[in-house]
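Residues per chain are reported as follows:
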Amino acid sequence: MSGKTIFITGASAGFGEACARIFANGGNRLILTARRIDPLLKLQEELAAGAEVHIIPLDVRDREAVQGAVEHLPQRFREIDILINNAGLALGLEPSHQVDLDDWDTMVDTNIKGLMYCTRFVLPGMVARNCGHIINISSTASDWPYPGGNVYGGTKAFVTQFSRNLRSDLLGTRVRVSCIQPGMAETEFSKVRFKGNEEKAAGVYQGTEPLTAEDIAETVRWITSQPPHVNVNTLELMSIHQSWGPFAIHREAK
Ligand code: NDP
Ligand code: 8X3
């Protein structure tokens, strides 16, 4: 793939950073966004040999900032071919009756509303040009419940269903929408979920070979390199070390 303009949210770490690296060739133009500017600056310097890189410090929860970021792109970056809606997070693993309500708000504002804002401001240009591809990063947590997954899983269920509904809206255009549902992948994700507790975060992956950020970036590359008439709707992937559980049954002592 070459000469494409690719807008990535959450490019300062994990999947987003890996996507930036995988597309940093062939004269692609990368728009890298995240709240932390330092990793973006580093990435910009590192990737400059293979791609034009424009960085924007952006909190996707800020609707006006998202609008401004899209509307004030430099001329060469205006025609976005691929939007990777990746920014997101899980906070906590407590049961719903004990959770910090601020954590729920943050997940809803980031994973749902932030993704909505980015989509809504980028999509009109794609429709007008009758081409483009939106890649939404959902999760296995979208379809498979687990204790403590409560609102995080709910936000990802939104991402999955919103992706399908978007494609329904876009029928008759050549704008594609794909949703990726990764399982356990080792990034900063667990460090964020456990609020900086590195030991707890490392425990999630201990004794396993989790998915990597590069695995997800490779999946994004594969999806976006399909012929233009092929729309990959939803793609779920897991590490070989992960699978589903049986129904949980609580038995009362007689
Ligand atoms: P990381 O924590 O490594 O990266 C998350 C990225 O999102 C960072 O670049 C972070 O940047 C950015 N981000 C978080 N909040 C905001 C915000 N308000 N505004 C802008 N950017 C934000 O996690 P992953 O790479 O693993 O996660 C990427 C996506 O993949 C998320 O949506 C996550 O839910 C999903 N996912 C992750 C899985 C995993 O096991 N790792 C599995 C399935 C899905 P910054 O802090 O600089 O803003
Ligand atoms: C991340 C995977 O299992 O921690 O979305 O929810 S999981």
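Here, every reference points to the structure presented above.
Residues numbered from 1 in each chain as written. Chains lettered and ligands numbered in written order. Predicted model: local features only at pLDDT ≥ 70, side-chain atom pairs only at ≥ 80, totals over all residues. Heavy atoms only, no water.

## Observations regarding the site of ligand 2
Inference 1: As a matter of local geometry, ligand 2 sits amid Ser139, Ala141, Tyr146, Tyr152, Phe189 and Arg193.
Inference 2: Take tyrosine 146: an N or O atom from its side chain is 2.6 Å from an oxygen atom of ligand 2.
Inference 3: One of the side-chain nitrogen or oxygen atoms of tyrosine 152 is found 2.6 Å away from an oxygen atom of ligand 2.
Inference 4: Considering ligand 2 on its own, with 240 Å² of exposed area, one finds that the protein chains cover 81% of that surface.
Inference 5: Partitioning the shell around ligand 2 into residue classes produces 4 nonpolar, 1 polar and 1 charged. (Near = heavy atom within 4 Å. Polar contact = N/O pair within 3.5 Å; in protein donor to acceptor, adjacent residues only side chain to side chain. Areas by Shrake-Rupley, 256 points an atom, 1.4 Å probe, with all protein chains shown as cover. Nonpolar A, V, L, I, M, F, W, Y, C, P; charged D, E, K, R; others polar.)

## Considerations on the pattern of salt bridges
Inference 1: The tally for this structure, following the rule as stated, stands at 7 salt bridges.
Inference 2: It is possible to trace a salt-bridge network through shared partners that takes in Glu17, Arg21 and Glu46. (Salt bridge = Lys/Arg side-chain N within 4 Å of Asp/Glu carboxyl O.)

## Some details on the nonpolar core
The tendency in soluble globular proteins is for nonpolar side chains to be buried side by side.
Inference 1: One finds Ile8, Leu30, Leu32, Ile84 and Ile135 to be the most contacted residues of the largest nonpolar core, which totals 34 residues.
Inference 2: With sequence-adjacent residues up to four places away left out, leucine 32 is seen in contact with Ile8, Ala11, Ala20, Leu40, Leu43, Val53, His54, Ile55 and Ile56.
Inference 3: Counting 23 residues, the second largest nonpolar core, distinct from the first, contains Phe7, Ile31, Ile56 and Ala69. (Core = buried A, V, L, I, M, F, W, Y, C linked by side-chain atoms within 4.5 Å. Buried < 20%, exposed > 50% of the residue type's maximum accessible area, 1.4 Å probe, protein only. Contact = heavy atoms within 4.5 Å.)

## Some points on the site of ligand 1
Inference 1: Taken together, 30 residues are adjacent to ligand 1, and Ser12, Arg35, Asn86, Tyr152 and Thr187 come closest.
Inference 2: Within the contact set of ligand 1, an oxygen atom lies 2.9 Å away from a backbone nitrogen or oxygen of alanine 185.
Inference 3: The protein chains hide 96% of the 880 Å² of surface that ligand 1 would expose on its own.
Inference 4: Mapped onto the shell around ligand 1, the elements with two or more residues apiece are helix H1 (14–22), helix H5 (150–170) and helix H6 (189–193).
Inference 5: Of the residues assigned to the shell around ligand 1, the class counts are 14 nonpolar, 10 polar and 6 charged. (Helix = DSSP H or I, 4+ residues; strand = E, 2+ residues; numbered from the N terminus.)

## Notes on the packing of aromatic side chains
Inference 1: The final tally for this structure, using the stated rule, is 3 aromatic pairs.
Inference 2: Note on phenylalanine 158 and phenylalanine 162: the rings are 5.1 Å apart at their centroids and 15° apart in plane angle, and the pair reads as stacked. With phenylalanine 158 and phenylalanine 162 both in helix H5 and 4 residues apart, this pair spans about one turn of that helix.
Inference 3: For phenylalanine 158, a relative accessible area of 24% puts it in the partly exposed group.
Inference 4: Over the ring of tyrosine 152 we find arginine 193; its NZ or CZ atom is 5.4 Å from the centre of that ring. (Phe/Tyr/Trp six-rings, centres within 6.5 Å; stacked < 30°, edge-to-face > 60°. Lys NZ or Arg CZ within 6 Å of the ring centre and 35° of its normal.)

## Focus on the packing of H1 against helix H2 (residues 37–47)
Inference 1: Direction vectors running N to C along H1 and H2 enclose 15°, while the axes themselves pass 11 Å from each other. With respect to each other, H1 and H2 are oriented roughly parallel. The hand of the H1/H2 crossing is right-handed. From H1, Glu17, Ala20 and Arg21 reach across to H2, where they touch Leu43, Glu46 and Leu47. (Axes fitted to C-alpha atoms, helices over the stretch in contact; angles between N-to-C directions. Parallel < 35°, antiparallel > 145°, perpendicular 65-115°, else oblique. Left-handed = near helix turned anticlockwise from the far one by under 90°.)

## Concerning helix H3 (residues 63–71)
Inference 1: For H3, the set of buried residues is Val66, Ala69 and Val70. Looking down the long axis of H3, one finds its buried residues gathered within 95° of arc, a one-sided arrangement.
Inference 2: Close packing links the buried residues of H3 with strand S1 (5–9), strand S3 (52–57) and helix H4 (101–129).
Inference 3: The N-cap residue of H3 is aspartate 62: its side-chain oxygen and the backbone nitrogen of glutamate 64 are 3.3 Å apart. (Arc of directions from axis to C-beta.)

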